[in-house]
Amino acid sequence: MGLSSKTHLRVRYSETDKMGIVYHANFLVWFEVGRSELFRELELPYTEFEEQGLGLAVIEANCRYRKPAHYDDELVLVTEVEHMSSRSARFCYHVYREESLLAEGKTVHAFINTEGRSADARRYAIWTRLQGIIEKNKDAKHLSKG
């Protein structure tokens, strides 16, 4: 889809284990940070979804670890919307230290209502704004290729 953002992170001491390596579950926390920043950059902070009664529940998550990250490393997290429908969204993530890929992952989310049930995002005003951003991005990609 081409909607992506870069988030700069510095590994905190509390994110490492006894061996000084980032504990594996922290990558999933960073993925959430990346999603939040992506929506913020799109001028659609997650709080606006919640204010309208719409949520994005994680229904699947995976991460492939390639190299360890250590305390005080400066990292770049690239977050991209891979797929978006009115019922679900899929994001992919790449964590780098300089040019070195440390981890990559994906999360799949279902749109849910305030009762925690599956929701059709087309019924919410924020969907129109999100679709406008997606279409604008598609047009921009198309123009840059021509």
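Quick note: structure is the one above.
Once a new chain begins, its residue numbering starts again from 1 and follows that chain's sequence as written. A pLDDT threshold of at least 70 governs which residues receive local features in this predicted model, and a stricter bar of 80 or more applies before side-chain atom pairs are shown or counted, although totals over entire chains, interfaces and linings include all residues. Hydrogens and waters are ignored; side-chain quantities use all the structure's heavy atoms.

### Quick notes on the overall build of the protein chain
A run of H or I in DSSP becomes a helix once it reaches four residues, and a run of E becomes a strand once it reaches two; helices and strands are each numbered from the N terminus. Looking only at helices and strands, one finds three helices and five strands in the protein chain. Projecting the C-alpha coordinates of the protein chain onto the three principal axes gives extents of approximately 50 × 45 × 20 Å. In the protein chain, which comprises 146 residues, the proportion classed as buried is 39%. Long-range pairs, those at least 24 residues apart, make up 68% of the contacts in the protein chain between residues at least 6 apart in sequence. For the area figures, the Shrake-Rupley method with a 1.4 Å probe applies, and any residue is considered shielded solely by the protein chains shown. For the protein chain, the exposed surface amounts to about 8,800 Å²; the carbon and sulfur share of it is 49%. Burial classes: relative accessible area under 20% of the type maximum marks a residue as buried, over 50% as exposed, and values in between as partly exposed (1.4 Å probe, protein chains only). In this description, contact between two residues means that some pair of their heavy atoms is separated by no more than 4.5 Å.

### So, helix H1 (residues 26–41)
Its 16 residues give H1 an end-to-end C-alpha distance of 22 Å, which sits within 8% of 22 Å, the value for a rise of 1.5 Å per residue. Restricting attention to buried positions, one finds in H1 the residues Asn26, Phe27, Trp30, Phe31, Gly34, Arg35, Leu38 and Phe39. Looking at the packing, one finds that the buried side of H1 touches strand E1 (4–10), helix H2 (46–51), strand E2 (55–65), strand E3 (74–84), strand E4 (88–97) and strand E5 (100–112). Phi turns positive one or two residues past the end of H1, at Glu43, with a value near 60 degrees. To estimate the expected span of a helix, count its residues, drop one, and scale the result by 1.5 Å.

### A look at the sheet that holds E3
Two orientations exist for strands paired in a sheet by backbone hydrogen bonds: parallel and antiparallel. Think of it this way: DSSP has to see at least two bridges between two strands before they count as a pair. The sheet built from five strands is open, its strands ordered E1-E3-E4-E5-E2 with antiparallel pairing. The open sheet has two edge strands with one neighbour each: E1 and E2. Here the strands of the sheet are splayed against their neighbours by 20 degrees on average, with no regard to which way each runs. Every axis in this analysis is a line fitted to C-alpha atoms, fitted for helices over the stretch in contact. Angles between the N-to-C directions lie between 0 and 180 degrees. Across the sheet, H1 lies against E1, E2, E3, E4 and E5, angled at about 130 degrees from E1, the strand it touches most.

### Quick notes on the pattern of salt bridges
It is possible for side chains of opposite charge to pair when their charged atoms get near one another. Here, a salt bridge means any Lys or Arg side-chain nitrogen found within 4 Å of an Asp or Glu carboxyl oxygen. Throughout the structure, instances matching the rule amount to 10 salt bridges. For Arg66, the salt bridge identified is with Glu104, shortest N-O distance 2.4 Å. Of this pair, Arg66 sits in the loop between E2 and E3 while Glu104 sits in strand E5, and the two are 38 residues apart along the sequence. For Arg66, a relative accessible area of 40% gives the class partly exposed. When the shortest N-O distance is used, the salt bridge between Arg90 and Glu82 registers 2.6 Å. Taking relative accessible area as the criterion, Arg90 reaches 30% and is therefore assigned partly exposed. Judged by its relative accessible area of 29%, Glu82 falls in the partly exposed class. A single salt-bridge network, built from bridges that share partners, covers Arg10, Asp72 and Glu74.

What is shown is where atoms sit, not what they do.
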